[in-house]
Amino acid sequence: MAQFAVIGLGSFGATVATELVDLKHDVLGIDSNKKYVENISDVLTHAVIADATDEHVLNELNIQNCDAVVVAIGEDIEASILCVLHLKNLGIEKIWVKAKSKSHHMILSHLGINKIIHPEEDMGVRVAQSLSYPMVSRYMSLDDDRYMVKIEIKDNLHGTRFQTICEYNSEIKVILHKRGKDLSYQVDPNLVLQHGDIIVVEGHLEQLRKLSNRFK
């Protein structure tokens, strides 16, 4: 169990905070908006109405004892940056920040922020990927050109041999095959696919694009 603080309890911040609680972590939620705090106070370990742009307030909340802090302040870029500066002054090393714009992102980068989040852009990318590759239920970027993708087998591929789809391209690595509750980390080329099967593969984006055409 770790300790986290989420500053800004709007839609994005509240979602992050709630998910962390569901993952069995202690979460301190902070917002200057009484309504936001009251809406989530029963869920979080601690929820306080406070001004996160005041370094003394953050210090009194012992926020420096947290393993990481998420700054999810929404529209007020100045407040976000001021909050980040205070967190840095308090010696907090792991800070994740929601960025509102490119200029906001640039300033945060210069401040040495660990992770800069663009919720709207990230969701937009995921929606576009889902529309473009409907067989891919989830994906994760490993670096600029490599991805891990989870593929769900649909009716159109029921009864097809796995080998005829993948042809064991050396640049595509098959991570696992799941059927029901059964997991296999070594996929037989002669495996006959069934509707509902799940396959996780990893490889370069261009090769994954070619592979995706076979699943359509």
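Residues numbered from 1 in each chain as written. Predicted model: local features only at pLDDT ≥ 70, side-chain atom pairs only at ≥ 80, totals over all residues. Heavy atoms only, no water.

**Q** Please explain the overall build of the chain as it appears in this structure.
**A** The secondary structure content of the chain amounts to eight helices and eleven strands. Out of the 216 residues in the chain, the part that is buried amounts to 38%. A sequence separation of at least 24 residues applies to 55% of the contacts in the chain between residues at least 6 apart. Split by element, the accessible area of the chain, about 12700 Å² in all, is 50% carbon and sulfur. (Helix = DSSP H or I, 4+ residues; strand = E, 2+ residues; numbered from the N terminus. Buried < 20%, exposed > 50% of the residue type's maximum accessible area, 1.4 Å probe, protein only. Contact = heavy atoms within 4.5 Å. Areas by Shrake-Rupley, 256 points an atom, 1.4 Å probe, with all protein chains shown as cover.)

**Q** Got a minute to help me understand the pairing of strand β3 (residues 46–49) in this structure?
**A** Within a regular beta strand, the side chains point alternately toward one face of the sheet and then the other, so they alternate between its two faces. Taken together, the four bridges between strand β2 (residues 26–31) and β3 define a ladder with parallel strand orientation. Bridged to Asp-31 within β3 is Ile-49. (Pairing = 2+ DSSP bridges.)

**Q** Honestly, the nonpolar core in this entry has me stumped. Any pointers?
**A** The tendency in soluble globular proteins is for nonpolar side chains to be buried as a group. Core analysis: the biggest nonpolar cluster contains 24 residues, and Ile-7, Leu-58, Ile-63, Val-69, Val-71 and Leu-87 have the highest contact counts within it. Looking at this core, the elements that each hand over two or more residues are β1 (3–7), β2, β4 (68–71), α4 (77–89) and β5 (95–98). With four residues, the top contributor of residues to this core is α4. Ignoring any residue separated from it by four or fewer positions in sequence, one finds Ile-7 in contact with Ile-30, Ala-52, Leu-58, Ile-63, Val-69, Val-70, Val-71, Ala-72, Ile-73, Cys-83 and Leu-87. Of all hydrophobic cores here, the second largest spans 16 residues; its members include Ile-165, Ile-172, Leu-191 and Leu-211. (Core = buried A, V, L, I, M, F, W, Y, C linked by side-chain atoms within 4.5 Å.)

**Q** What am I meant to see in the pairing of β4 here?
**A** Side chains of β4 alternate between two faces, with Ala-68 and Val-70 and Val-69 and Val-71 buried alike. Pairing analysis gives four bridges linking β1 to β4, with the strands arranged parallel. Within the sheet, the bridge partner assigned to Ala-5 lies in β4 and is Val-69. Alignment of β4 against β5, held across three bridges, turns out to be parallel. In the sheet register, Val-70 faces β5, and the bridge partner there is Trp-96.

**Q** It is not clear to me how the side chain of Ser-80 should be interpreted in this structure. Could you clarify?
**A** Looking at where Ser-80 falls in the secondary structure, it is placed in helix α4. On the accessibility criterion, Ser-80 (0% relative accessible area) is buried. Looking at Ser-80, its side chain comes within polar contact range of the side chain of His-104, at 3.1 Å. With sequence-adjacent residues up to four places away left out, Ser-80 is seen in contact with Val-71, Ile-73, Val-97, Lys-98 and His-104. (Polar contact = N/O pair within 3.5 Å; in protein donor to acceptor, adjacent residues only side chain to side chain.)

**Q** Explanation requested: unusual backbone geometry in the structure shown.
**A** A positive phi angle, close to 70 degrees, is found at Lys-24, a residue other than glycine. Looking at where Lys-24 falls in the secondary structure, it is placed in the loop between α1 (11–22) and β2.

**Q** Sorry if this is basic, but what is going on with the layout of surface pockets here?
**A** The rolling of a water-molecule-sized probe over the atoms marks out the regions of remaining empty space. By volume, the second largest pocket is sized at about 380 Å³. Lining the second largest pocket we find 25 residues, and of these Gly-8, Asp-31, Ala-72, Ile-73 and Gly-74 sit closest to its centre. Secondary-structure elements contributing two or more residues to the lining of the second largest pocket are α1, β2 and α6 (119–132). For the lining of the second largest pocket, the element with the most residues is α1, which contributes three residues. Looking at the lining of the second largest pocket, its residues break down into eleven nonpolar, eight polar and six charged. (1 Å grid on protein atoms, 1.4 Å probe; cavity = no way out; pocket = protein on both sides within 12 Å on 5 of 7 lines; lining within 4 Å. Points joined across faces, edges and corners; volume = space filled by probe spheres on them. Nonpolar A, V, L, I, M, F, W, Y, C, P; charged D, E, K, R; others polar.)

Nothing here speaks to function; it is geometry throughout.
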